[in-house]
Amino acid sequence: MQERRRFVRFKVPIRVEFSVKANLELSQEGKIVDFSREGAKIFLPPVSLSKEENIELKTYLPNRTTPISFQAQIRWIKIGEEKAELGLKIIHIDPQDKSEILDYAYKLWREKKG
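Here is what the cut-offs are and how they apply
Residues numbered from 1 in each chain as written. Predicted model: local features only at pLDDT ≥ 70, side-chain atom pairs only at ≥ 80, totals over all residues. Heavy atoms only, no water. Helix = DSSP H or I, 4+ residues; strand = E, 2+ residues; numbered from the N terminus. Buried < 20%, exposed > 50% of the residue type's maximum accessible area, 1.4 Å probe, protein only. Contact = heavy atoms within 4.5 Å. Areas by Shrake-Rupley, 256 points an atom, 1.4 Å probe, with all protein chains shown as cover. Expected span 1.5 Å × (residues − 1). Arc of directions from axis to C-beta. Polar contact = N/O pair within 3.5 Å; in protein donor to acceptor, adjacent residues only side chain to side chain. Phe/Tyr/Trp six-rings, centres within 6.5 Å; stacked < 30°, edge-to-face > 60°. Lys NZ or Arg CZ within 6 Å of the ring centre and 35° of its normal. Salt bridge = Lys/Arg side-chain N within 4 Å of Asp/Glu carboxyl O.

Our focus in this paragraph is the overall build of the chain. Within the chain one finds one helix and six strands. From first element to last, N terminus to C terminus, the chain shows the α and β order β-β-β-β-β-β-α. Every one of the 114 residues in the chain was classed for burial, and the buried ones make up 35%. Within the chain, residue pairs in contact and separated by at least 24 positions form 55% of the contacts whose partners lie at least 6 positions apart. Here the chain has roughly 7400 Å² of accessible surface; of this, 47% comes from carbon and sulfur atoms.

Right, dumping it as structure tokens:
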């Protein structure tokens with residue numbers, strides 16, 4: 001199978017909260033399991049979401065006191081009995097915040113490789 005991704009995905013667990021843009025009172029907690037310059041994969045409790053839906057996310061890095069917020073679009077969904085997997089395309093994030101997440105992910109990735 002040919003790899004279609006343009007950027008490396010760093011497999012790194014990062015705590016995340018998300019809410020659906022149209023329904024901000026629906027908030028769930030999960031974790032990012034990989035992150036790249038343009039996207040991420042997250043695991044959540046089973047939820048009712050649809051492909052192409054936009055969601056708001058807040059990530060929590062251990063070396064930071066405030067969360068990093070960004071917006072993403074759901075590109076694919078796999079719903080299981082115990083978890084949902086979502087493939088996301090990042091549609092808006094502050095460039096400095098993205099760099100901070102990527103630096104953190106790269107550092108963890110190197111520690112695992114080393």
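Below, the discussion takes up helix H1 (residues 95-113). Because each turn of an α-helix spans 3.6 residues, side chains separated by three or four positions in sequence point in the same direction. Look at H1: 26 Å from first C-alpha to last across 19 residues, which is about the 27 Å you get at 1.5 Å a residue. Those residues of H1 that sit buried are Asp 97, Ile 101, Leu 102, Tyr 104 and Ala 105. The buried residues of H1 occupy an angular sector of 160 degrees when projected down its axis, which confines them to one face. With respect to the buried face of H1, the exposed residues turned more than 90 degrees away are Pro 95, Gln 96, Asp 103, Lys 107, Glu 111 and Lys 113. Among the residues of H1, the N-terminal cap falls to Asp 94, whose side-chain oxygen and the backbone nitrogen of Gln 96 are separated by 3.0 Å.

With that settled, the discussion passes to the packing of aromatic side chains. Geometrically, a pair of aromatic rings is defined through the distance of the ring centres and the angle of the planes. Taken as a whole and judged by the stated rule, the model has one aromatic pair. Taking 6.3 Å as the distance between ring centres and 85 degrees as the angle between the ring planes, the aromatic pair formed by Phe 35 and Phe 70 counts as edge-to-face. One end of the pair, Phe 35, is in strand E2 (residues 23-35); the other, Phe 70, is in strand E5 (residues 68-79), with 35 residues separating them in the sequence. Since its relative accessible area comes to 0%, Phe 35 is described here as buried. Judged by relative accessible area, Phe 70 falls into the buried class, the value being 2%. Note that Arg 15 overlies the ring of Tyr 60, its terminal NZ or CZ placed 3.9 Å from the centroid. Directly above the aromatic system of Phe 43 lies the positively charged group of Lys 83, at a separation of 4.0 Å from the ring centroid.

Our next topic: the side chain of Asp 97. Locating Asp 97 in the fold gives a position in helix H1. Residue classification places Asp 97 among the buried positions, given a relative accessible area of 16%. In this structure Asp 97 touches Arg 64 and Ile 68, once residues within four positions along its chain are discounted.

This next bit is on the environment of Leu 49. Relative to the helices and strands, Leu 49 is located in the loop between strand E3 (39-44) and strand E4 (54-60). A sequence separation of 37 residues divides Leu 49 from Leu 86, and the C-alpha atoms of the two residues are 9.5 Å apart. Sequence-distant contacts of Leu 49, defined by excluding residues within four places in its chain, comprise Phe 18, Val 20, Ile 74, Ile 77 and Leu 86.

Close approach of charged atoms allows side chains with opposite charge to pair. In total, this model carries seven salt bridges according to the counting rule given. The shortest N-O distance in the salt bridge between Arg 75 and Glu 52 comes to 3.6 Å. Taken together, the positions of Arg 75 in strand E5 and Glu 52 in the loop between E3 and E4 put the pair 23 residues apart, joining distant regions of the chain. We classify Arg 75 as partly exposed; its relative accessible area is 37%.

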